[in-house]
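Close look at the chain arrangement
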Amino acid sequence: MTARAPTSDELEAALAQRIADAGHARYFLAGLYPPSEVPAIFFGTMPDKPNAAILINVYNDDRDRDPHTPIYLVQLRFRSNAGDRRATEQLANRVFDDLDDRVNERSNSQWGPIRILHCYRHLRAPAAPDANGRWSRPDSYTITTNPS
């Protein structure tokens, strides 16, 4: 019997937990966050509050090459508390340093129940302020899972 590939929702949850476990953000299943300077993790759309947040969205689930080893394209959007672009850039760069296999020279990692064959950032977009002067930056990652 072959293990099934994770759903997009399962991958998003595992990635959120991975980012939280590394100390970059908070992740609560209920999505209700008490006030804090630590970024909160969301899915779907970025809420107006809290200011410091990370948004996770899978925007492609490619199973054409191998239905059991899909390739996911995932956008992470980072927003910091401060009106300082550098704070947002530093948050995104810390997550990049932790996730990208080429930076930390590893592959075949485990994110909760999901085995990750490869994870790397394929796009680093420029940071831009929103209407409230908070800077955000979207980065896109390619993540290949390896069910076993």
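Up top is the structure these notes are about.
Report on the accompanying structure. (Residues numbered from 1 in each chain as written. Predicted model: local features only at pLDDT ≥ 70, side-chain atom pairs only at ≥ 80, totals over all residues. Heavy atoms only, no water.)

1. Some remarks on the overall build of the protein
The helix and strand tally for the protein stands at three helices and seven strands. Counting from the amino terminus, helix and strand elements in the protein follow one another as α-β-β-β-α-α-β-β-β-β. Against the compact-globule benchmark of 15 Å for 148 residues, the protein has a radius of gyration of 15 Å, which places it among compact chains. Taking the principal axes of the C-alpha coordinates as reference, the protein spans close to 50 × 30 × 25 Å. By residue count, 41% of the 148 residues in the protein fall in the buried class. Charged side chains of the protein number 18 positive and 19 negative; the gap between the two group centres comes to 4 Å. (Helix = DSSP H or I, 4+ residues; strand = E, 2+ residues; numbered from the N terminus. Rg over C-alpha atoms; globule rule 2.2 N^0.38 Å. Buried < 20%, exposed > 50% of the residue type's maximum accessible area, 1.4 Å probe, protein only. Lys, Arg positive; Asp, Glu negative; His and termini not counted. Charge placed at Lys NZ, Arg CZ, Asp CG, Glu CD.)

2. Section: the pattern of salt bridges
Taken as a whole and judged by the stated rule, the model has 12 salt bridges. Arg 85 is paired through a salt bridge with Glu 89; the nearest N and O atoms lie 3.5 Å apart. Taken together, the residues Arg 85 and Glu 89, both in helix H2 (residues 85-99) and four residues apart, mark about one turn of the helix. A residue is classified by how much of its surface remains accessible, and Glu 89, at 9% relative accessible area, is buried. Of the charged contacts, one joins Asp 139 and Arg 137 as a salt bridge, the two residues approaching to 2.8 Å between their closest N and O atoms. In this structure, Asp 139 and Arg 137 share a single accessibility class: buried. Each member of the salt-bridge network shares a partner with another, and the members are Arg 85, Glu 89, Arg 121, Arg 124, Arg 137 and Asp 139. (Salt bridge = Lys/Arg side-chain N within 4 Å of Asp/Glu carboxyl O.)

3. Things to note about the side chain of Arg 134
Mapped onto the secondary structure, Arg 134 falls in the loop between strand S6 (128-129) and strand S7 (135-145). Taking relative accessible area as the criterion, Arg 134 reaches 7% and is therefore assigned buried. A distance of 2.6 Å separates the side chain of Arg 134 from the backbone oxygen of Asp 48, its partner in a polar contact. If we ignore the near neighbours within four places in the chain, the residues touching Arg 134 are Asp 48, Asn 51, Arg 79, Ser 80, Ala 128 and Pro 129. (Polar contact = N/O pair within 3.5 Å; in protein donor to acceptor, adjacent residues only side chain to side chain. Contact = heavy atoms within 4.5 Å.)

4. Some details on the layout of surface pockets
Looking at the largest pocket, its volume works out to about 180 Å³. In terms of lining, the largest pocket is formed by 14 residues, of which the most central are Arg 4, Pro 6, Pro 113, Ile 114 and Arg 115. Along the lines of polarity and charge, the residues of the lining of the largest pocket split into seven nonpolar, four polar and three charged. (1 Å grid on protein atoms, 1.4 Å probe; cavity = no way out; pocket = protein on both sides within 12 Å on 5 of 7 lines; lining within 4 Å. Points joined across faces, edges and corners; volume = space filled by probe spheres on them. Nonpolar A, V, L, I, M, F, W, Y, C, P; charged D, E, K, R; others polar.)

5. Quick notes on H2
When the terminal C-alpha atoms of H2 are compared, their 21 Å separation across 15 residues agrees well with the 21 Å that a helix rising 1.5 Å per residue should span. Listing the buried residues of H2 in full gives Thr 88, Glu 89, Leu 91, Ala 92, Val 95, Phe 96 and Leu 99. Each buried residue of H2 sits inside an arc of 160 degrees when the element is viewed along its axis, so together they form one side. (Expected span 1.5 Å × (residues − 1). Arc of directions from axis to C-beta.)

6. Observations concerning the pairing of strand S2 (residues 53-62)
Strand residues, when the strand is regular, have side chains that alternate between the two faces of the sheet. Pairing between strand S1 (residues 40-43) and S2: four bridges, direction parallel. In the strand pairing of S2, Ile 41 is matched with Ile 54. By the bridge criterion, nine bridges tie S2 to strand S3 (residues 71-79) in an arrangement that is antiparallel. In the strand pairing of S3, Asp 62 is matched with Ile 71. (Pairing = 2+ DSSP bridges.)

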